[in-house]
Amino acid sequence: MAEITGDQRVQSEVLEGLATAVNHRRWFVDLAVPYLGDNPIEVGSGLGDYALEWSARLPRITATEADPDRLVRLKERLADHPTIEVRQMLLPHSERGDYSAAVSYNVLEHIEDHVGALRSMRDLVRPGGAVVIIVPAFQFAMSPADIATGHVRRYTKKTLAAAMTEAGLTVEKIHYANALGLIGYFMATKVFRLMPKEGPMVKVYDTLVLPATKAAEQAVRPPFGQSVFAVARVPG
């Protein structure tokens, strides 16, 4: 039985805080764009920040949210964007679709049956289309902030690839992203037990540190990172 995990109020506060990390968001937006096609669906759109960025570069996109309160806010925020459809979606489910891709950022770690969730995403996408995932990396970084926001696990490249393969997907690309972010997150949330909300640390990192991190990682993939980025294909 699908369910929404974590404190929804805390999740919304974190989403609002991280919305100020514009450079971080645009980096992760760019990672997905080559794989989204002409009509993707985003699973777990939150407040719609990623959907808005992608909609400026795609003919159309569907944004979804599981939490009813955030769904209302999402519909209100995206009402003036005719190329974005908004609907409720909770994983896993038995629905089938013909989307060009399914993209889901920082959602899978909330779902106990993550293989079932990945199968659900697979079934939403036409053969040959992509399932694009970002999840938080490394179990040692599991912190009170993770627990409060409903994370049931963090991933490595190996564990995410295994889940995608078990779900019937063919992994095409997988790598860590934002190496310095993992160090900062570990210190802030595990050592100092802070929540990742808007504030001077987020702004300084996003403005000064992240652009250099992005440039370095475009040249050389790091052996670790705050996130795991993966692209898998739906078999023909």
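Residues numbered from 1 in each chain as written. Predicted model: local features only at pLDDT ≥ 70, side-chain atom pairs only at ≥ 80, totals over all residues. Heavy atoms only, no water.

- As annotated in an unreviewed UniProt entry, the protein chain carries the name Class I SAM-dependent methyltransferase and comes from Micromonospora solifontis.

**Notes on helix 9 (residues 200-219)**
Move 1: If you check helix 9, its first and last C-alpha atoms are 28 Å apart, about what 20 residues at 1.5 Å a residue would give, namely 28 Å.
Move 2: Within helix 9, the axis deviates most sharply at Val209, by approximately 45°, and proline Pro211 lies no more than four positions further along.
Move 3: For helix 9, every residue scored as buried is listed here: Val202, Asp206, Leu210, Thr213 and Glu217. (Helix = DSSP H or I, 4+ residues; strand = E, 2+ residues; numbered from the N terminus. Expected span 1.5 Å × (residues − 1). Bend = angle between axes of the 7 residues up to and from the residue. Buried < 20%, exposed > 50% of the residue type's maximum accessible area, 1.4 Å probe, protein only.)

**Overview of the sheet that holds strand 2 (residues 61-65)**
Move 1: What the seven strands build is an open sheet, ordered 3-2-1-4-5-7-6; its pairing is mixed. At either margin of the open sheet sits one strand with a lone partner, and together these are strand 3 (84-88) and strand 6 (170-177).
Move 2: The sheet contact formed by strand 1 (residues 41-42) and strand 2 spans two bridges and is parallel. Following the sheet pairing, Glu42 is matched in strand 2 by Ala63.
Move 3: In the packing of helix 4 (residues 68-78) onto the sheet, the strands contacted are strand 2 and strand 3, and the crossing angle to strand 3 comes to about 165°. (Pairing = 2+ DSSP bridges. Contact = heavy atoms within 4.5 Å. Axes fitted to C-alpha atoms, helices over the stretch in contact; angles between N-to-C directions.)

**Focus on the packing of helix 5 (residues 114-124) against helix 7 (residues 157-166)**
Move 1: Two numbers describe how helix 5 lies on helix 7: the axes approach to 8 Å, and their chain directions differ by 55°. Overall, the two elements helix 5 and helix 7 adopt an arrangement that is oblique. In this structure, the crossing between helix 5 and helix 7 has a hand that is right-handed. Contacts between helix 5 and helix 7 pair His114, Val115, Leu118 and Arg119 from the former with Ala163, Met164 and Glu166 from the latter.
Move 2: The class makeup of the residues in the contact of helix 5 with helix 7 is four nonpolar, one polar and two charged. (Parallel < 35°, antiparallel > 145°, perpendicular 65-115°, else oblique. Left-handed = near helix turned anticlockwise from the far one by under 90°. Nonpolar A, V, L, I, M, F, W, Y, C, P; charged D, E, K, R; others polar.)

**Remarks on the pattern of salt bridges**
Move 1: Enumeration over the complete set of coordinates arrives at 13 salt bridges.
Move 2: Between Glu53 and Arg25 there is a salt bridge, with its nearest N and O atoms 3.4 Å apart. Taken as a pair, Glu53 in helix 3 (residues 49-55) and Arg25 in helix 2 (residues 22-32) lie far apart in primary sequence, 28 residues in all.
Move 3: Accessibility expressed as a relative area gives 10% for Arg25, which makes it buried.
Move 4: A salt bridge links Lys214 to Asp30, with the nearest nitrogen and oxygen atoms 3.7 Å apart. Highlighted residues: Lys214 in helix 9 and Asp30 in helix 2, separated in sequence by 184 residues.
Move 5: Residue classification places Asp30 among the partly exposed positions, given a relative accessible area of 32%. (Salt bridge = Lys/Arg side-chain N within 4 Å of Asp/Glu carboxyl O.)

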